[in-house]
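# A look at the structure
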Amino acid sequence: MTSVCVIGLGYIGLPTAALMASQGLRVYGVDVNPKVVETISMGGIHIAEADLEGLVQKVVSNGALTAHRQPVEADAFMITVPTPLKDNRKPDLDYVFAAGRSIAPHLKKGNVVILESTSPVGTTQALAQVLAAARPDLRFPGNGGEPDVSVAYCPERVLPGRILVELVENDRCVGGLTQTCTDRAIAVYEAFVRGAILRTTAPTAELVKLSENAFRDVNIAFANELSLVADRHGIDVWEAIELANRHPRVNILKPGPGVGGHCIAVDPWFIVDAAPKEARLIRTAREVNDHKAHYVFDLVTEALARQPGAQVTCFGLAFKANVDDLRESPSLEIVERLGHTYRGRVSVVEPYISEAPASLAAAGVPLIPLDQALERKGVFLLLVDHAIFTRISREKLAGRAIIDTRGIWRMVERRRANNG
Ligand code: SAJ
C-alpha cells in the first residue's frame, strides 16, 4: 500500500492526510471546495488544530501531499466527508454516496475503499452497492466471490484539539464487508497507527462509533440534569460533582451550556432514527442536553429582571474550549437568541475567530476584543472554558452579575477563599 486518496479535507480528512503523508505514504487530498484546495496547495490550512499547520507545510513542500478538486488513482481511497442531520433528524448520506460516485471511475482491481465518516448501520454496504452500480466491470463485496475492490468501515475517534496525537495513539476498529476487505483496510492503518487495530464487521464498527458518542452524550446529560437539580436546591453543582467523584466508581462529567460539535450533538440521532422504540434513554439524553441552552437563556433573563436595561457580555462561541469550531454550538445559539431578545445590549468575545457569523450580525451582536469586553458592566455570561478566560482575574469580574456555565470563574473564587 503506497498511495491513498482522501476524499474530504475537513477536520478529520486533512489531519489524516497530512499524517499519512508524513509516514511515507503518497497522499492525494481531494475537496470540492476550490478555496480549500488552493490553501492546502500553498502549504496552508483552513481549520485550527494543534500542530497541523507545520505538518501540512512540511508534507506539501516535500511533495508527499497534494490537493485536488477531483479524485485520482491510488491504492486506497478514504472517505472523510460530513454526515449531517436533515431537518427531520434523519441522517443525510448524500456526501458519502457522492464521494463514492466520484471515486468509482478511478477504481481498479486490488483497491480498498474505506469509509471513516460517522454513519448509520448499513451505510458501508450501501456504499458498496453505489460503487458496484457505477462499475459493473469490477466485483464488489456482496456481488458473490472474492471482491476486486475491498470496502470497509473504520470510524475516526479523534478529539478536536488532540487530533494528530490521537490519530496515532488511539486504538482503531476496522470492519470490512468481508474478511479480505478487513485485511486490506488494516494494511492502510498499520502505516501510521501505534494503537491496537481491532477486527470486526462493518455493521458492528458502524454501531461502535455511534455508541461511543451516544455514551458521552448520555453522561453529559446526566451532569447537565444534575446542574438543574442542584440549582433548584441552591447547591453548587461543581462542588457536589467534585465530591461525588471522590467515590472510587463515580466519574460525573461536567455540566455546560449544552452539547455542541458536529458529532455528539448529532450522532445519537442516527441510533434513535434506526431504533426509535428501543433508544429511549439516548433520545432523552439528547433532549436534556438541548434543553440546557434554553435554561441558560432563562438564567440571563432572570439576571436582567434584577438589573433592567443592563448590558450582557458573552464569553465564547465555540462548541468547546480552545477550538475555533462553531458547528452546532449551544453558545452560538444562546448568544443569537439573547441578541434578538435584548437587541443592542448583547456583545460577545470569541478569541478563536476573527469574523463573526452572519447570524450574529443579524441578531445585532458585535464581536468585541477581550479587553473591551472586560470594560463592560451588567451581566457576564461565561459560555466556553477557553484557557484565556480561565486566566481573567477576579478583580476584572468584580461588580458584574456572573453566570458561569462551565464553573471556571467559580473555581478562581473558591481557590481564593480556601487560601484565605
Ligand atoms: N462537554 C460537556 N461536558 C463534558 C464534556 C464535554 O458539556 O464533561 C461538551 C463540550 O463542551 C462540547 C461537547 O460536549 O460542546 C462535545 O465535546 P467533546 O470534547 O466531548 O467531544 P467532541 O465532539 O470534540 O469529540 C467527540 C469525541 N467522542 C468521544 O469522546 C466519545 C471524539 O473522540 C470523536 O472522534 C468525535 O466526537 C467525533 O468526531 O465523533
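Residues numbered from 1 in each chain as written. Predicted model: local features only at pLDDT ≥ 70, side-chain atom pairs only at ≥ 80, totals over all residues. Heavy atoms only, no water.

## Some details on the site of the ligand
Basically, it comes down to this: A single heavy atom is enough: if one lies within 4 Å of a molecule or strand, its residue is considered near that molecule or strand. Polar contacts, as counted here, are pairs of nitrogen or oxygen atoms within 3.5 Å of one another; within protein the pair requires one atom able to donate a hydrogen and one able to accept it, and residues that are adjacent in sequence qualify only if both atoms are side-chain atoms. Where accessible areas are quoted, they stem from the Shrake-Rupley method and a 1.4 Å probe; at the residue level, only the protein chains shown are allowed to cover. Polar here means any residue outside two lists: the nonpolar Ala, Val, Leu, Ile, Met, Phe, Trp, Tyr, Cys and Pro, and the charged Asp, Glu, Lys and Arg; Gly therefore counts as polar. Throughout, the edges of the domains are those of an automatic or database domain assignment.
Neighbouring the ligand are 19 residues, the closest being Glu156, Lys209, Arg216, Lys254 and Phe319. A distance of 2.7 Å is found between an oxygen atom of the ligand and a side-chain nitrogen or oxygen belonging to asparagine 213. Coverage of the ligand by the protein amounts to 89% of the 760 Å² it exposes when considered alone. Here the shell around the ligand is composed, by residue class, of nine nonpolar, two polar and eight charged. When residues of the shell around the ligand are assigned to domains, at least three map to each of domain 1 (3-195) and domain 2 (257-418).

## Regarding the pattern of salt bridges
Rules: Whenever a carboxyl oxygen of Asp or Glu lies within 4 Å of a side-chain nitrogen of Lys or Arg, that contact is scored as a salt bridge. Strands here are runs of E lasting at least two residues and helices are runs of H or I lasting at least four, both read from the DSSP assignment and numbered beginning at the N terminus. Burial classes follow relative accessibility: with a 1.4 Å probe on protein chains only, a residue under 20% of its type's maximum area counts as buried, one over 50% as exposed, and anything between as partly exposed.
Here the structure, examined in full by the defined rule, presents 14 salt bridges. Taking the shortest distance from any N to any O, the salt bridge between lysine 209 and glutamate 156 comes out at 3.5 Å. With lysine 209 in helix α8 (residues 202-233) and glutamate 156 in the loop between β6 (150-153) and α6 (163-169), this residue pair connects regions lying 53 residues apart in the sequence. In this structure, lysine 209 and glutamate 156 share a single accessibility class: buried.

## Topic: helix α2 (residues 34-41)
The condition that has to hold: Directions drawn from the helix axis to the C-beta atoms are what define this arc.
Of the residues making up α2, those classed as buried are Val36, Val37 and Ile40. For α2, the buried positions fall inside an angular range of 100 degrees around the axis, keeping them on one side. The N-cap of α2, judged by a side-chain oxygen 2.9 Å from the amide nitrogen of lysine 35 a few residues on, is asparagine 33. Glycine 43 sits one or two positions beyond α2 and adopts a positive phi of about 85 degrees.

## Focus on the sheet that holds strand β9 (residues 312-315)
For sheets, the rule is that strands pair by backbone hydrogen bonds, running either parallel or antiparallel. Basically, it comes down to this: Pairing between strands is defined by DSSP: at least two bridges between them are needed. Fitting a line to C-alpha atoms yields each axis, with helices limited to the stretch in contact; the angle taken between N-to-C directions then spans 0 to 180 degrees.
Pairing is parallel across the open sheet formed by four strands, whose spatial order is β10-β9-β11-β12. Looking at the sheet topology across the chains shown, the edges are occupied by β10 (346-349) and β12 (401-404). Each strand axis lies, on average, 20 degrees off the axis of its neighbour in the sheet, ignoring direction. Both strand β11 (residues 379-382) and β12 contribute to a ladder of four bridges, which runs parallel. Looking at the pairing, leucine 382 lines up with aspartate 404 of β12.

## Quick look at helix α12 (residues 330-341)
Convention followed: A helix is expected to span 1.5 Å for every residue after the first. Whether two residues are in contact is decided by their heavy atoms, any of which lying within 4.5 Å being enough.
Given a rise of 1.5 Å per residue, twelve residues ought to cover 16 Å, and the 16 Å separating the end C-alpha atoms of α12 matches this to within 8%. Looking at α12, one finds that the buried residues are Pro330, Ser331, Leu332, Ile334, Val335, Glu336, Leu338 and Gly339. Structurally, α12 contributes buried residues whose contacts are with α11 (280-306), β9, β10, α13 (358-362) and β11. The N-cap residue of α12 is serine 329: its side-chain oxygen and the backbone nitrogen of serine 331 are 3.2 Å apart.

## Quick notes on the pairing of strand β8 (residues 197-201)
Basically, it comes down to this: A clockwise course of the path from the first strand over the helix to the second, judged with the strands pointing away from the viewer, identifies a crossover as right-handed.
The sheet contact formed by strand β7 (residues 172-176) and β8 spans five bridges and is parallel. Along β8, the bridge assignment pairs glycine 175 with threonine 200. Handedness of the crossover is the feature at issue here: the chain leaves β7, passes through helix α7 (residues 179-189), returns alongside β8, and the resulting connection is right-handed.

## Observations concerning the domain arrangement of the protein
Inclusion rule: In short, buried area is how much 1.4 Å probe accessible area vanishes from two parts on joining, totalled over both.
When its domains are assigned, the protein resolves into domain 1 (3-195) and domain 2 (257-418). Inter-centroid distance (C-alpha atoms) of domain 1 to domain 2 is 34 Å. On the domain 2 side, the residues contacting the 14 residues of domain 1 number twelve residues. Note on domain 1 versus domain 2: buried area summed over both sides is about 1200 Å², and carbon and sulfur give 61% of it. Residues lysine 90 and aspartate 273 are paired through a salt bridge, measuring 2.7 Å at the closest nitrogen-oxygen approach. If you look at where domain 1 meets domain 2, you find three residue pairs in polar contact (both at pLDDT 80 or more). Tallied by class, the residues present in the side of domain 1 that touches domain 2 amount to nine nonpolar, three polar and two charged.

## Notes on unusual backbone geometry
One non-glycine residue, arginine 89, lies in positive phi territory at about 60 degrees. Position of arginine 89 relative to the elements: it lies in the loop between β4 (76-79) and α4 (94-103). For glutamate 328, which is not glycine, the phi torsion reads 55 degrees and is therefore positive. Along the chain, glutamate 328 falls in the loop between β9 and α12.

## Looking at the packing of α11 against α12
Inclusion rule: Relative orientations are named as follows: roughly parallel for angles under 35 degrees, roughly antiparallel for angles over 145 degrees, roughly perpendicular for angles from 65 to 115 degrees, and oblique for any other angle. The handedness criterion is simple: a crossing whose near helix is rotated anticlockwise from the far helix by less than a right angle is left-handed, and one whose near helix is rotated clockwise is right-handed.
Where α11 contacts α12, the axes come no closer than 10 Å and their chain directions differ by 40 degrees. Here α11 is positioned oblique relative to α12, judged by the angle of their axes. Every pair of crossing elements has a handedness; the one defined by α11 and α12 is right-handed. Within the contact between the two elements, α11 uses Ala293, His294, Val296, Phe297 and Val300 and α12 uses Pro330, Glu333, Ile334, Arg337, Leu338 and Thr341.

## Some points on the packing of helix α1 (residues 13-22) against helix α3 (residues 52-61)
α3 packs onto α1 with a crossing angle of 50 degrees between their chain directions and a minimal axis gap of 9 Å. Classified by the angle their axes make, α1 and α3 are oblique. Relative to α3, the crossing made by α1 is left-handed. Within the contact between the two elements, α1 uses Leu14, Pro15, Ala18, Leu19, Ala21 and Ser22 and α3 uses Leu52, Leu55, Val56 and Val59. Class assignment for the residues of the contact of α1 with α3 results in nine nonpolar, one polar and no charged.

## Notes on the packing of aromatic side chains
Remark: the centre distance and the inter-plane angle together describe each pair of aromatic rings, the angle taken between the planes. This is how the line gets drawn: Under the pairing criterion, centres of Phe, Tyr and Trp rings, with the six-membered ring standing for Trp, must be within 6.5 Å; the plane angle then separates stacked pairs below 30 degrees from edge-to-face pairs above 60, leaving the rest tilted.
Overall, the coordinates contain six aromatic pairs when judged by the stated rule. Ring centres of phenylalanine 297 and tyrosine 342 lie 6.3 Å apart, and the angle between their planes is 25 degrees; this geometry places the pair in the stacked category. One end of the pair, phenylalanine 297, is in helix α11; the other, tyrosine 342, is in the loop between α12 and β10, with 45 residues separating them in the sequence. In terms of burial, phenylalanine 297 and tyrosine 342 fall into one category: buried. Pairing phenylalanine 380 with tryptophan 409 gives two aromatic rings, centres 6.5 Å apart and planes at 50 degrees, and the pair type is tilted. Highlighted residues: phenylalanine 380 in strand β11 and tryptophan 409 in helix α17 (residues 408-418), separated in sequence by 29 residues.

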